[in-house]
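If you want the building blocks of each chain, they are given just below.
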Amino acid sequence: MNAAPPTGRTALVVVDLQNDFCAGPVAAARYPGDPTRLATVAANTARAIEAARAHGTEVVFVRFLGDPAHQGASWRHRDAALGKRPKCLDGSWGAEFHAVTPRADEAVFTKHACFDAFLSAGFERHLVDGGVHHLAMTGVFADVCVDTTARTAFQKGFHITVLADCTAALHLPDEAVLGFMQRVYGARVTTRDRLDVWTNPPETPAPRPQERT
């Protein structure tokens, strides 16, 4: 008989660290801040990945494919209305991982024109089967795919930690997005050098006893 999977495990989740979001003309045209910020996020995430591997913490990669064939009607309508071009086309340089490379034994999940990693086939089942209930979030963008994935994770009972120096927001100030996740999802916010924090889930308080009436 196989042993039951361990409980309370952490997974470092790397979200959409791909060329079209982090490097080259497409990324430069979209990101409103200093482009060196994206390079710093990618470098810090690569260091966090190496630290996780050395520590024995699982690393899970998520990637985005935005081909029109994957887009729903509302996605196509938005792109037409705003003049957006599809990004991270399947098989293109833009869809390749940037500054990081998954190992052969590490899981990679694909989002087809959607923000939420939980909409990619097998993502949630992989976490549950592995006894993971704490996600350390990295990647881009903090206010889009990182936030959307964290929101679903929280609603499904996962603890969330966000590595502030391993992510960046696209449309909103970084501090506003991180503060929102703290207030609404109870997310912890830390940095990649605090390995002791983000590789361990927070302690869950015991339920409060009901008051007698």
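As the structure is a computational prediction, the values presented were derived from the model and not from experiment. Chains are numbered independently. Their residues run from 1 in the order of the written sequence. Selection of residues for local features in this predicted model requires a pLDDT of at least 70, selection of side-chain atom pairs for listing and counting requires 80 or more, and totals for whole chains, interfaces and linings are taken over all residues. Each side-chain value is derived from all of the structure's non-hydrogen atoms; neither hydrogens nor water enter the calculation.

Undergrad: In this structure, what is going on with unusual backbone geometry? I would like to understand it.
TA: With glycine set apart, most residues show a phi of negative sign, and most peptide bonds adopt trans. At the junction of Val140 and Phe141, the peptide bond is cis and its omega measures out at -10° in the coordinates. Within the secondary structure, Phe141 sits in the loop between β4 (132–140) and α6 (142–155). Positive phi, normally seen in glycine, also occurs at Cys88, with a value near 55°. Secondary structure follows DSSP: runs of H or I at least 4 residues long count as helices, runs of E at least 2 residues long count as strands, and numbering of each begins at the N terminus. For Cys88, the position within the fold is in the loop between α4 (73–82) and β3 (108–112). Judged by its relative accessible area of 0%, Cys88 is buried. Unusually for a residue other than glycine, Ala99 sits at a positive phi of about 70°. Note on placement: Ala99 falls in the loop between α4 and β3. A simple rule labels every residue: compare its accessible area, found with a 1.4 Å probe on the protein chains alone, to the largest value its type can have, and call it buried under 20%, exposed over 50%, or partly exposed in between.

Undergrad: What am I meant to see in the confidence of the model for the protein chain here?
TA: For residues with low pLDDT, the predicted coordinates do not support detailed interpretation. In this model, the protein chain carries an average pLDDT of 93, and 92% of its residues clear a pLDDT of 70 or more. In this model residues 1–6 is a low-confidence stretch, pLDDT under 50, and it forms five contacts with partners more than four residues away in sequence or in other chains. On a scale of 0 to 100, pLDDT captures the predictor's confidence in every residue. For this analysis, residues touch if any pair of their heavy atoms sits within 4.5 Å.

Undergrad: When you look at the packing of aromatic side chains in this model, what are you seeing that I'm missing?
TA: Between two aromatic rings, the relevant description is the distance of the centres plus the angle of the planes. When two rings of Phe, Tyr or Trp (its six-membered ring) have centres within 6.5 Å they constitute a pair, described as stacked for plane angles under 30 degrees, edge-to-face for angles over 60, and tilted for the intermediate range. Following the criterion strictly, the structure yields 11 aromatic pairs and no others. Here Phe21 and Phe141 contribute two aromatic rings whose centre-to-centre distance is 6.0 Å and whose plane-to-plane angle is 75°, an arrangement assigned as edge-to-face. With Phe21 in helix α1 (residues 19–22) and Phe141 in the loop between β4 and α6, this residue pair connects regions lying 120 residues apart in the sequence. Each member of the pair, Phe21 together with Phe141, is buried. A centroid spacing of 6.0 Å and a plane angle of 35° characterise the contact between Phe154 and Tyr185, whose relative ring orientation is tilted. Here the residue Phe154 occupies a position in helix α6, and Tyr185 occupies one in helix α7 (residues 174–185), the gap between them amounting to 31 residues. Relative accessible area serves as the criterion here: at 39%, Phe154 is assigned to the partly exposed category.

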